[in-house]
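Here's the letter readout for the chains.
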Amino acid sequence: MRKCILILGGLLVLIAANAAIYLRERQLASGTPVILALAPRDPRSLMQGDYMALAYALERDLGNPEQDGRLVLAPDAKGVAQLVRLDNGTPLSPGQLLVDYRLRQGRVRIGTDAWFFPEGKGDTYAAARYGEFRADGRGAVLLLRLLDEHFKPLGEP
Amino acid sequence: METTAPDPQARRRVLDWIAAGRLNPDHAQAALITVAGQPRPEDWRRNLDRLLLGLGVLLALAGLVLFIAANWDGMGRPTRFALAQGAVVLGVAIAWWQGLDSRPGKAGVIWAAVAVGPLLALIGQTYQTGADPWQLFAAWLMLISPWIGIARSALLVLLGVILANTTIGLAWDEHPWRMLGDMGLFWFLLGLNSVVLPTWEFLAKRLDWMNVRWAIRVPALASLWTATMLVLAVIFGREASSVLELLPFPILLAVGFRAYRRQNIDLVLLSAGCLAVIVVITSGTGRAILGQENFFGFLLTGLLITALTATAGIWLRSVSREVAQIPPQHAKPSPTRSTHPGTWEQLVAVGLATGDAPAEDTATDPWPLRLLQGAGGWLGALLLMIALAIPVGFAAQNEGILLGLGLVLCAANVLTLRQSTGVIGNQFALALSLAGQGAVMVGMMGMNLSWPTAAFVSAAVAMALFFAAPAPTHRGWCAGIASGALISQLIHTNHFALSTGPVALGIAALLLTPPAQARWRTLARPLSRGLLAGWAGCFLATRMESRWSSGATPGLITIGSILEFLAILGVAALVLRNAPAPQKRRAWLMAAAAVPASLGLVVPGASVALAIILVALEELDTPFLGLGVLTLLGLIWAHYQLDYATPLVVKGAGLAGMGFAALSLWFILRRTWAREYAYA
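The rules behind each value
- Residues numbered from 1 in each chain as written.
- Chains lettered and ligands numbered in written order.
- Predicted model: local features only at pLDDT ≥ 70, side-chain atom pairs only at ≥ 80, totals over all residues.
- Heavy atoms only, no water.
- Helix = DSSP H or I, 4+ residues; strand = E, 2+ residues; numbered from the N terminus.
- Buried < 20%, exposed > 50% of the residue type's maximum accessible area, 1.4 Å probe, protein only.
- Areas by Shrake-Rupley, 256 points an atom, 1.4 Å probe, with all protein chains shown as cover.
- Contact = heavy atoms within 4.5 Å.
- Buried area = accessible area lost by both parts, 1.4 Å probe.
- Salt bridge = Lys/Arg side-chain N within 4 Å of Asp/Glu carboxyl O.
- Pairing = 2+ DSSP bridges.
- Axes fitted to C-alpha atoms, helices over the stretch in contact; angles between N-to-C directions.
- Patch = residues over 30% accessible without salt bridge, like charges linked within 9 Å, V, L, I, M, F, W, Y side chains within 5 Å.
- Parallel < 35°, antiparallel > 145°, perpendicular 65-115°, else oblique.
- Nonpolar A, V, L, I, M, F, W, Y, C, P; charged D, E, K, R; others polar.
- Core = buried A, V, L, I, M, F, W, Y, C linked by side-chain atoms within 4.5 Å.
- Left-handed = near helix turned anticlockwise from the far one by under 90°.
- Phe/Tyr/Trp six-rings, centres within 6.5 Å; stacked < 30°, edge-to-face > 60°.
- Lys NZ or Arg CZ within 6 Å of the ring centre and 35° of its normal.

Caption draft 1: Local environment of the overall build of chain A. Broken down by element type, chain A carries three helices and ten strands. Listed by position from the N terminus, the elements making up chain A come as α-β-β-β-α-β-β-β-β-β-α-β-β. Across the 157 residues of chain A, 41% fall into the buried class. Total accessible area on chain A is roughly 8600 Å²; 55% of this is exposed by carbon and sulfur atoms.

Printed below as a string of structure tokens:
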């Protein structure tokens, strides 16, 4: 009986982990591309060891919302997503997209607030100007890679 | 011979009796083995077995982790996930294969449960969804909860409790309820741990495997800490607080007193309770009377802390004597006497002692009590020093006066210790001594004395106090301060390699046979303890490995390594001095095991860590064992973290190589022993 639970517990861990991996791989592969402009979060500590603190230009346009919610975004001429409005349940026009935001430590956070990279690769990512995401259309976004000012992916050969 | 449970108190008592001439020094080893559970040669066999196995696994794993880190870029995502999941599967497989009730099987489940955390962290880091950190800990707890249920391991339950606390602590920051302030968080944690603690105690009475005292202390200390924080919040009034927040503290103390004084005596928790009461009382009075440059306020508060600590010390000492009178094997307490019938009568029974038991003289206190006294001493000393500095002034011309006052305090400390051996005298003397030494140091700094000179003077003052006053606890502190001052001087001038000298001296003080150790114990024991602890403290505080490898010249490293190597050989040889011939060969093998460790980690410090571990095993000293393990872990961490010049691959290979060397040695010894003894 105990050995049964031991094995079932192991299966639970493997299933949960691989389901999470599968869902996120699928989102990266077939999600809608979203490009957000980065804003320097704090010029003195943009680079902190092996990760980079991220902030997005969108956050300034958003002002000071009072609670977590969703944004409606649409790409501009260069393909960079811009804020259209806060989501209020009204139907979206074609090309528009929903993205979740959350309030954490008094700041607006869209997706992740950090980009992790291997030890010693900090210089490569110092040129980052945009973050490229994959959205699942229901609000969740995954950061795929960072882009420089010419939209060239960083850290890829 | 029947194995006795290890009893550090009995060990100290026997050494005291030998020093007092009540026991024949030639019987020291036999007496220690009889009553104290002193490690016998065959116990050493088991200790070495565990040490080598633990060390080998630890180093090999650390090496493996660095190896993976080094090849991170070259590895695709699938490989990384496979590795992380493989670790979980490995643990489950071991548990399945060895059975859940065996030691390796339990280790397997715990390994699997711990490995779930890194797996989740890896997924979170690879796909950056921006999920909050608390979600990771919550998922971790949920996924391992089936295993917590079946493993019958208190350690795994403790992991669950810690994960629950961490989840709540982290989630608090993200939740709208954070508007309630930190007080809300403390209430939440207090609520959680005050449910966990009685549940655990209830289960401990029924399930043997849940009855692991040190693990139970974690939720107990967490409840005490949160209740204390609530009271301090009211006292210092940082946030809107109500009288309601004062309530949990006395309730918890009352319940704790009933549980850990009346039912099961737990000196650690009682000491922690005393410390909490002292902190609350002095915070309350301090807030009322402390002000800017208020000489009497600081003086009174300093004296109050010292007096309260001494009072707590007297009470705890009486409780600890009560514990000592209960012979380890018997549940019923023996009739109250001023001696230790348990220890003495055991010796009489085997013919090692004759006559009536000696009267109790200088009881050596158990470690929680010594820790409390140390903490009270430091706090009191700090306030006394501030009080001292106020009339003298921090102005530039008065360092001479401060220095003079410091020396006066030191002299007062010596006088106190020579007059009194009681708890109160010791407590005041410790505060006087620390305040005096601090004042001397500040005075010298003000006089712009160069650092080497100041360090040497500080060390000299500490050593003078060491020899002048015959109190063991105070001697330990003084040796530690002297060692710290000298070693920081050596770091300052990039001669850290030579710091192995004082450490070697400290170990040498232990190279005394039990009879000699008994005779010299008031000098040798605190000296060796202080020096080793001073070294380890210095090392852990500054993580000085980078200084070691960058600043020191190769010649010094060689000298230091040789000193360390000789010291460890000496310890090894003397620990097994009375052992039969085959055991002696083991001693040399063990010493040989220290060589790759010290060479591979670049610093000879690895062998200091090993020396601390060996001494702790010989002396049955759990906190000292903890210090040794901590130093070893610190070394490995520093090796990875600070030495940027060496590539990760080389570091990983070095650690893994040492680990496999230790494991091979373990395997060989196990084979040899299996032939010679019936292996348990």
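Having seen the structure, we can now continue with the description.
Caption draft 2: Structural view of the overall build of chain B. When its secondary structure is counted, chain B shows 27 helices and zero strands. In chain B, which comprises 680 residues, the proportion classed as buried is 50%. Put simply, 72% of the contacts in chain B that link residues at least 6 apart link residues at least 24 apart. Carbon and sulfur atoms provide 69% of the accessible area of chain B, an area that totals close to 30500 Å².

Caption draft 3: Region of interest: the interface of chain B and chain A. With 33 residues of chain B in contact, the opposing surface of chain A contributes 33 residues. Both sides of the chain B and chain A interface together cover about 3100 Å² of buried area, and 60% of this is carbon and sulfur. Contact with chain A buries area across many residues of chain B, yet B:W96, B:Y127 and B:Q128 alone supply 22% of it, more than any other trio. One can count two salt bridges joining chain B with chain A.

Caption draft 4: Up close: the sheet that holds strand 5 (residues 81–86) of chain A. Residues and elements named next belong to chain A. Strand order across the open sheet formed by four strands is 5-4-6-7, with antiparallel pairing between neighbours. The open sheet has two edge strands with one neighbour each: strand 5 and strand 7 (107–109). Neighbour to neighbour, the strand axes of the sheet diverge by 40° on average, direction disregarded. Here strand 4 (residues 69–75) runs beside strand 5; their pairing, made up of five bridges, is antiparallel. Its bridge partner lying in strand 5, P75 is registered against A81.

Caption draft 5: A look at the pairing of strand 10 (residues 141–147) of chain A. Residue and element names in this part refer to chain A. With five of seven residues buried, strand 10 is to be regarded as a mostly interior element. Where strand 9 (residues 130–135) and strand 10 come together, six bridges link them in antiparallel fashion. Looking at the pairing, F133 lines up with L143 of strand 10. Hairpin geometry of strand 9 and strand 10 is characterised by an intervening segment of five residues between the two adjacent antiparallel strands and by a positive phi of about 85° at G137.

Caption draft 6: Representation of a nonpolar patch on the surface in the model. Taken together, the side chains of A:I7, A:L8, A:L11, A:I15, B:W96 and B:W97 present a nonpolar region at the surface, about 680 Å² in accessible area. Elements represented by at least two residues in the nonpolar patch include exactly helix 1 (2–30) of chain A together with helix 4 (77–98) of chain B. When residues of the nonpolar patch are assigned to their parent elements, the largest contribution, four residues, is made by helix 1 of chain A. Residue A:L11 is classed as partly exposed on the basis of its relative accessible area of 42%.

Caption draft 7: Up close: the packing of helix 1 of chain A against helix 4 of chain B. Following both chains from N to C, one finds helix 1 of chain A and helix 4 of chain B inclined at 170°, their axes separated by 9 Å at the closest point. Judged on the interaxial angle alone, helix 4 of chain B and helix 1 of chain A are roughly antiparallel. Listed contacts from helix 4 of chain B to A:K3, A:L6, A:I7, A:G10, A:V13, A:L14, A:A17, A:N18, A:I21, A:E25 and A:L28 of helix 1 of chain A are B:R77, B:F81, B:Q85, B:V88, B:V89, B:V92, B:A95 and B:W96. Of the residues assigned to the contact of helix 1 of chain A with helix 4 of chain B, the class counts are 13 nonpolar, three polar and three charged.

Caption draft 8: Spatial organisation of the nonpolar core. Core analysis: the largest hydrophobic core is formed by 56 residues, its most contacted members being B:V116, B:I144, B:W147, B:L156 and B:W200. No other element matches helix 5 (residues 103–126) of chain B, which puts ten residues into this core. Non-local contacts of B:L156, meaning those with residues more than four positions away in its chain, are made with B:V109, B:I110, B:A113, B:W147, B:I148 and B:A151. Counting 27 residues, the second largest nonpolar core, distinct from the first, contains A:L62, A:L71, A:Y101 and A:F133.

Caption draft 9: Up close: the packing of helix 16 (residues 423–446) of chain B against helix 18 (residues 472–492) of chain B. Residues and elements named next belong to chain B. Contact pair helix 16 / helix 18: the axes reach a minimum separation of 11 Å and the direction vectors enclose 15°. As far as their axial angle goes, helix 18 and helix 16 are roughly parallel. Where helix 16 crosses over helix 18, the handedness of that crossing is right-handed. Here helix 16 contributes L430, S433, L434 and Q437 to the contact with helix 18, which in turn contributes H474, W477, C478 and I481. Partitioning the contact of helix 16 with helix 18 into residue classes produces five nonpolar, three polar and no charged.

Caption draft 10: Quick look at the pattern of salt bridges. Residue and element names in this part refer to chain A. Tallied over the entire structure, the rule returns eight salt bridges over all chains. Between R70 and D100 there is a salt bridge; the shortest N-O distance is 3.0 Å. Here D100 lies in strand 6 (residues 97–104) and R70 lies in strand 4, a separation of 30 residues in the sequence. Given a relative accessible area of 32%, R70 falls into the partly exposed group. Across the pair E132 and R145 runs a salt bridge whose closest N-O atoms are separated by 2.8 Å. Pair noted here: E132 is in strand 9 and R145 is in strand 10, with a separation of 13 residues, a long-range link. On the basis of relative accessible area, R145 is assigned to the partly exposed category, the value being 22%. Through salt bridges with shared partners, a single network forms among E132, R134 and R145.

Caption draft 11: Fine view of the packing of aromatic side chains. Applying the stated criterion across every chain, the model contains nine aromatic pairs over all chains. For the ring pair A:Y130 and A:F151, a centre distance of 4.5 Å and an interplane angle of 20° mean the geometry is stacked. Of this pair, A:Y130 sits in strand 9 while A:F151 sits in the segment after strand 10; the two residues are 21 residues apart in sequence, bridging distant segments of the chain. Summarising the aromatic geometry, the rings of B:F257 and B:W315 are spaced 6.1 Å apart at their centres and angled 20° between planes, so their arrangement reads as stacked. Linking B:F257 in helix 10 (residues 248–263) with B:W315 in helix 12 (residues 295–324), this pair joins segments that are 58 residues apart in sequence. Look at B:W315 and you get partly exposed, because its relative accessible area is 29%. A:K3 extends its terminal NZ or CZ atom over the ring of B:W96, reaching a point 4.9 Å from the ring centre. The ring of B:F202 has B:R206 lying over it, and the distance from NZ or CZ to the ring centre is 3.9 Å.

Caption draft 12: Structural detail: the side chain of B:E245. Residues and elements named next belong to chain B. Within the element layout of this structure, E245 appears in the loop between helix 9 (213–236) and helix 10. E245 gets classed as buried once you look at its relative accessible area, which sits at 7%. Those residues in contact with E245, other than ones at most four positions away along the chain, are M183, W187, L230, V231 and V234.

Caption draft 13: Summary view of the environment of B:L384. All names here are of chain B. Inspection of the secondary structure puts L384 in helix 14 (residues 367–392). On the basis of relative accessible area, L384 is assigned to the buried category, the value being 11%. Sequence separation of L384 and G297 is 87 residues, and the distance between their C-alpha atoms is 10.0 Å. Among all residues touching L384, those that are not within four sequence positions of it are L299, G302, L303, A431 and A435.

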